[in-house]
Amino acid sequence: QTNLFVFLLGTNSAFHGVEFLPEDLGEGLNKTAMRVNEKYSSLPAEEKGIHIINIRAIEDIGYIQRESTLLNSLCQDPDANCKHGLYFRDGKRKVDYILVYHYKKSSVSKTLTRRIYHNDSSARSIKQDHQLPGTGGHLDVGESETHMDYHEDDKRFRREEYEGNLMEAGLELERDEDTKIHGVGFVKIHAPWNVLCREAEFLKLKMPTKKVYQINQAHGLLKKINSVIQKITEPIQPKVAEHKPETVKRLSYPFSREKQHFNVFFSSILLIQVYEILKRTTCTKAKYSMGKELYVGLSSTSFSGITSLLANGVYSAAYPLHDLLCEEWASYGVFYKYQPIDLVRKYFGEKIGLYFAWLGVYTQMLIPASIVGVIVFLYGCATVDENIPSMEMCDERNNITMCPLCDNTCSYWKMSSSCATARASHLFDNPATVFFSVFMALWAATFMEHWKRKQMRLNYRWDLTGFEEEEAHPRAEYEAKVLEKSLRKEYIHKKTDKEKLTWKDRFPAYFTNFVGIIFMIGLTFAIVFGVIIYRISTAAALALSSTPSGRSSVRVTVTATAVIINLVVIIILDEVYGCIARWLTQIEVPKTDKNFEERLIFKAFLLKFVNAYTPIFYVAFFKGRFVGRPGDYVYIFHSFRMEECAPGGCLMELCIQLSIIMLGKQLIQNNLFEIGIPKMKKLIRYIKLKRQRSLDHEEHMKKKQRYEVDYNLEPFAGLTPEYMEMIIQFGFVTLFVASFPLAPLFALLNNIIEIRLDAKKFVTELRRPVAVRAKDIGIWYNILRGVGKLAVIINAFVISFTSDFIPRLVYLYMYSENGTMHGFVNHTLSSFNVSDFQGGTAPNDPMELGYEVQICRYKDYREPPWSENKYEISKDFWAVLAARLAFVIVFQNLVMFMSDFVDWIIPDIPKDISQQIHKEKVLMVEVFMKEEQGKLQMLETWKDKDMKKGENCNNHSPKLSRSQSGSMSSCHSYHIDV
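Worth saying up front: this structure is predicted, and the values here are computed from it rather than measured.

Reading the values: the criteria
Residues numbered from 1 in each chain as written. Predicted model: local features only at pLDDT ≥ 70, side-chain atom pairs only at ≥ 80, totals over all residues. Heavy atoms only, no water. Helix = DSSP H or I, 4+ residues; strand = E, 2+ residues; numbered from the N terminus. Buried < 20%, exposed > 50% of the residue type's maximum accessible area, 1.4 Å probe, protein only. Areas by Shrake-Rupley, 256 points an atom, 1.4 Å probe, with all protein chains shown as cover. 1 Å grid on protein atoms, 1.4 Å probe; cavity = no way out; pocket = protein on both sides within 12 Å on 5 of 7 lines; lining within 4 Å. Points joined across faces, edges and corners; volume = space filled by probe spheres on them. Nonpolar A, V, L, I, M, F, W, Y, C, P; charged D, E, K, R; others polar. Salt bridge = Lys/Arg side-chain N within 4 Å of Asp/Glu carboxyl O. Pairing = 2+ DSSP bridges. Polar contact = N/O pair within 3.5 Å; in protein donor to acceptor, adjacent residues only side chain to side chain. Phe/Tyr/Trp six-rings, centres within 6.5 Å; stacked < 30°, edge-to-face > 60°. Lys NZ or Arg CZ within 6 Å of the ring centre and 35° of its normal. Axes fitted to C-alpha atoms, helices over the stretch in contact; angles between N-to-C directions. Contact = heavy atoms within 4.5 Å. Patch = residues over 30% accessible without salt bridge, like charges linked within 9 Å, V, L, I, M, F, W, Y side chains within 5 Å. Parallel < 35°, antiparallel > 145°, perpendicular 65-115°, else oblique. Left-handed = near helix turned anticlockwise from the far one by under 90°. Disulfide = S-S within 2.5 Å.

Caption draft 1: Main features of the overall build of the protein. When helices and strands are counted, the protein shows 31 helices and 20 strands. Going through the 978 residues of the protein one by one, you find that 50% of them count as buried. When the accessible surface of the protein is totalled, it reaches about 47,600 Å², and 59% of it is carbon and sulfur.

Quick look at the structure:
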């Protein structure tokens, strides 16, 4: 079974670029076809024995194994009977692309619509009023319905012209309107071999040649280590031949039809070629008459390609077909295995292949981070009973009475009541946390360097080392805007120069973008502020509870409910901000798809970053900082007192906030939404189509085609949502990791599922996207680097200002009498005389604890009430502040230096890859030098033959005149091109 693979390549003989097969290969095909599993028995007769072949036979005749195969097995397809929809009705020509359009189908045309088969010779130009092969009955509707909408009629004429231009470009088309989907027509497109060769040469695609060379292999100890690693990881390798390590590589060079050493095209390259033709082919809307009235179009307007036609509604969709699913990739049962990235790239193209490769590297790098995070957490669990500050807080014999948490309704309380919070805080706030923060900063730098090296290896393996992106086609919206501007200027100034959009044209859009983004950020801050008001008011309300248990759980209840509210708001605003960011980008009218994508990414990331992290930033850096002191608290709206941190600090609350938001987003938004929303949309479309089909029993009984199944899938909307959720998660893992060491572990568990979820979504829930060539992940790499640098700064401030790490160090080395942490809690608390309460703010029940309280304690560094400068900030505060700022500076610069050192010491291009690239260039020069030498030798041979023939001619004709002799010798000369 390991020698059986599925071909994605189909022309007249089902193989792109293979025009004949030797006899021994034909016998191999016949023998292999007899061993085909019964699940392929539903295929048409024309397809049996074509797709399943013995790869070793192809390898024996010199064809490239890795360029000819794609996936090694099929998933159980619920629509197995529609596999024949992958071909034209002759069963030989493979459907490479599908165009979909809507049309109005009258009662007359329904009876006339039938499947009419035409051979290739009948496929003539539409401009000559000939229909495409297939169903075309709706073209006569205008005779039976004179009241047809001219707008629909215009679309039909433009489709005819465009499809005629495609046929002139060499593509083969076949129309099908006799489908189960009412009012929807399909145009099947096939690219012949000669068209693919022409496009490959035009696009300068690098293709593998028959020339092979040896790849440098490890020697000695390194070779043994690699062998051991391969044996250990063998169970987690996908069972596909192309994932095996290669010892030789084929020389690649830009395709040329003159060279005879190039081989077949694989699937994603084929789709790129077809899509380039679709984008390049133009359509000019001309004047035409309908009945007695005249519809006048823009006769001088040229609509460039399929993008403009889709934007104008001439076609409703354009997509390639899914033709197989992979059990070794899009299955949850193989979650523990590596991905077959090379096969993913061949099926979806380099851009999507790079995304899954990046996601795999990121998930792999989370393993060591998760292990270290778990060790740090276990260290906190092991040392919690030895932590002196938490033991002092839990000791009821200390009899520390704390000041009320709110005015009037709240009473005095014992510090020992927050014992559980203090012990839990030590799990995350311990000396190992600092080490883990440094480790994660270096981990982020190592991850970026590792990805750059991996990306370079993929570029070398995928023949992208010399790839440069060409200028993309303008977007349809941009062309329409330029056309509008040029028509306006031509009408006013009679100018005919080619126009383009300037910053003056875009200024209203830029201003709208600026105002809109500021408003959205302000809205996020307003919602966070509203949650703060909720926390304060709810805490005051719960303090009135008559039960002691209700009053003791106020802090936990308020924190949990507020975090859940934040989570719900974040999820809702994420969807809203995504739509707003797209709308703001659309009104800017970027010129190319790349510009559109980069601007969209910037806006969406800015809004979603602020939305996701604003509540966390509040807890980490603002909560408890502007409270004031007893007798002089800070109030909001003169009513709500600012909330305080627990005696153990805000780090535990930050941990709760971070964990709930991170896990909630991963579970609800990243998983349930990704599964549920596409299935819900698919169900809605299915119900609508079922209602339409129920009106026409004849259409309901028709056989479902593959392109009809794919039409019901969700259109591919780009990789921005996939990258965005991973970048936000990367922020959770790195930005506040000092407060939650288990974040890498939960990210790892999520990503293991995410890889297979995305894979399944791409092959079962989404239409097959257009293959796009790319050599890197684009702007996302810069965002990752920015988040990694920001993480160093934020973790430095979290350790310094949110945790008690610095105050503990200051106390240990400056104030401790015996060099231990005994007395630290008392050192961090200040005293307040209850007689200094402002009027109306003292507790209503001062005797709730059973005794009269004269001095209460609060967390701050201030002078005691018996001091001359009572309640003023003490010198201890300034000592701690200086230590905190010094730690931020030292930590930030030290970690930045270490990160840059890691960046410098690890080369971006692996040494073996740079050597192989150099070797490939040398070999390529040798190959073409040999070709040139062979041509010169052939030229010399022909010249020698020509001279000998001329001499023989002179010897046999001695009496000829000069003119006759010249004419006689010229008859033996040849015109030779080198």
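Caption draft 2: Spotlight on empty space enclosed by the protein. In the structure shown here, the tally under the stated rule is 13 cavities of 30 Å³ or more. Roughly 190 Å³ of internal volume is contained in the largest cavity. Taken together, 18 residues line the largest cavity, and the ones lying closest to its centre are Pro389, Met393, Gly648, Asp804 and Arg808. Where the lining of the largest cavity is concerned, the elements lending two or more residues are helix H13 (388-394), helix H14 (419-428) and helix H28 (824-828). Here the lining of the largest cavity is composed, by residue class, of eight nonpolar, six polar and four charged. Estimates place the volume of the second largest cavity at around 160 Å³. In terms of lining residues, the second largest cavity is bounded by 14 residues, among which Ala444, Ala445, Arg785, Lys789 and Ser899 are the most central. Of all the secondary-structure elements, those providing two or more residues to the lining of the second largest cavity are helix H15 (431-461), helix H26 (779-802) and helix H29 (875-905). Counted by class, the lining of the second largest cavity contains seven nonpolar, two polar and five charged residues.

Caption draft 3: Fine view of the pattern of salt bridges. Counted under the stated rule, the structure contains 41 salt bridges. Glutamate 160 is paired through a salt bridge with arginine 156; the nearest N and O atoms lie 3.4 Å apart. Of the two residues, glutamate 160 and arginine 156 are both situated in helix H6 (residues 150-168); the distance of four residues between them amounts to about one turn of the helix. Accessibility expressed as a relative area gives 9% for arginine 156, which makes it buried. Arginine 175 is the salt-bridge partner of glutamate 163, the closest N and O atoms lying 2.8 Å from each other. Of the two residues, glutamate 163 is situated in helix H6 and arginine 175 in strand E4 (residues 172-176); the sequence distance between them amounts to twelve residues. On the basis of relative accessibility, which here comes to 0%, the residue glutamate 163 falls in the buried class. On the basis of relative accessible area, arginine 175 is assigned to the buried category, the value being 3%. A single salt-bridge network, built from bridges that share partners, covers Glu449, Lys452, Arg785, Asp903 and Asp908.

Caption draft 4: Structural context of the pairing of strand E19 (residues 829-833). Taking burial as the measure, the five residues of E19 include four buried ones, the bulk of the element. Note: E19 against strand E20 (residues 855-859), five bridges, orientation antiparallel. Paired with leucine 829 across the bridge in E20 is lysine 859.

Caption draft 5: Molecular detail of the side chain of aspartate 342. Looking at the secondary structure, you find aspartate 342 in helix H11 (residues 341-348). There is a polar contact of 2.8 Å between the side chain of aspartate 342 and the side chain of tryptophan 462.

Caption draft 6: Geometry of the packing of aromatic side chains. All chains considered together, the criterion is met by 45 aromatic pairs. Measuring from centroid to centroid gives 5.7 Å for phenylalanine 797 and phenylalanine 801, while their planes differ by 20°, and the two rings are stacked. Taken together, the residues phenylalanine 797 and phenylalanine 801, both in helix H26 and four residues apart, mark about one turn of the helix. In this structure phenylalanine 797 comes out as partly exposed when scored by relative accessible area, which is 30%. On the basis of relative accessibility, which here comes to 18%, the residue phenylalanine 801 falls in the buried class. Consider the rings of phenylalanine 901 and tryptophan 904, whose centres lie 5.9 Å apart with planes at 40°: the pair is tilted. With phenylalanine 901 and tryptophan 904 both in helix H29 and three residues apart, this pair spans about one turn of that helix. Taking relative accessible area as the criterion, tryptophan 904 reaches 68% and is therefore assigned exposed. Against the face of phenylalanine 88 rests lysine 188, its NZ or CZ located 5.9 Å from the ring centre. Lying over the aromatic face of tyrosine 633, arginine 641 brings its terminal NZ or CZ to 3.5 Å of the ring centre.

Caption draft 7: The sheet that holds strand E3 (residues 97-102), seen in detail. Taking strand neighbours across the sheet as the criterion, the four strands line up as E4-E5-E3-E12 in an open arrangement whose pairing is antiparallel. Each edge of the open sheet carries a strand with a single partner, namely E4 and strand E12 (317-319). Direction aside, neighbouring strands of the sheet carry axes that sit 20° apart on average. Alignment of E4 against strand E5 (residues 184-190), held across five bridges, turns out to be antiparallel. Bridge pairing links leucine 173 to isoleucine 189 in E5. Packed onto the sheet, H6 meets E3, E4 and E5 and runs at close to 165° relative to E3.

Caption draft 8: Inspection of a nonpolar patch on the surface at higher detail. Taken together, the side chains of Trp503, Phe507, Tyr510, Phe511, Phe514, Val515 and Ile518 make up a nonpolar region of the molecular surface, amounting to roughly 780 Å² of accessible area. Tracing the backbone shows tyrosine 510 in helix H17 (residues 503-542).

Caption draft 9: Quick look at the packing of helix H27 (residues 805-815) against H29. Contact geometry for H27 and H29: axes closest at 9 Å, N-to-C directions at 120°. With respect to H29, the axis of H27 lies oblique. Crossing handedness for the pair H27 and H29: right-handed. Side by side, H27 and H29 meet where Phe805, Ile806, Pro807, Val810, Met814 and Tyr815 of the first sit next to Asp876, Ala879, Val880, Ala883, Arg884 and Phe887 of the second. For the contact of H27 with H29, the class distribution of residues is ten nonpolar, no polar and two charged.

Caption draft 10: Representation of the state of the cysteines in the model. On inspection of all chains with the given rule, the structure shows four disulfides. The disulfide that involves cysteine 403 links it to cysteine 856, with 1.9 Å between the sulfurs. On the S-S bond that ties cysteine 403 to cysteine 856, the torsion sits near 85°, and the link is right-handed. Pair noted here: cysteine 403 is in the loop between strand E13 (401-402) and strand E14 (413-414) and cysteine 856 is in strand E20, with a separation of 453 residues, a long-range link. Residue cysteine 403 is classed as buried on the basis of its relative accessible area of 5%. Put simply, cysteine 406 and cysteine 410 are joined by a disulfide, and their sulfur atoms are 1.6 Å apart. Note on the cysteine 406 and cysteine 410 pair: the S-S dihedral is about 95°, so by sign convention the disulfide is right-handed. A relative accessible area of 11% means that cysteine 410 is categorised as buried. Taken in N- to C-terminal order, the disulfide-linked cysteines of the protein are connected 1-5, 2-8, 3-4, 6-7.

Nothing here speaks to function; it is all geometry.
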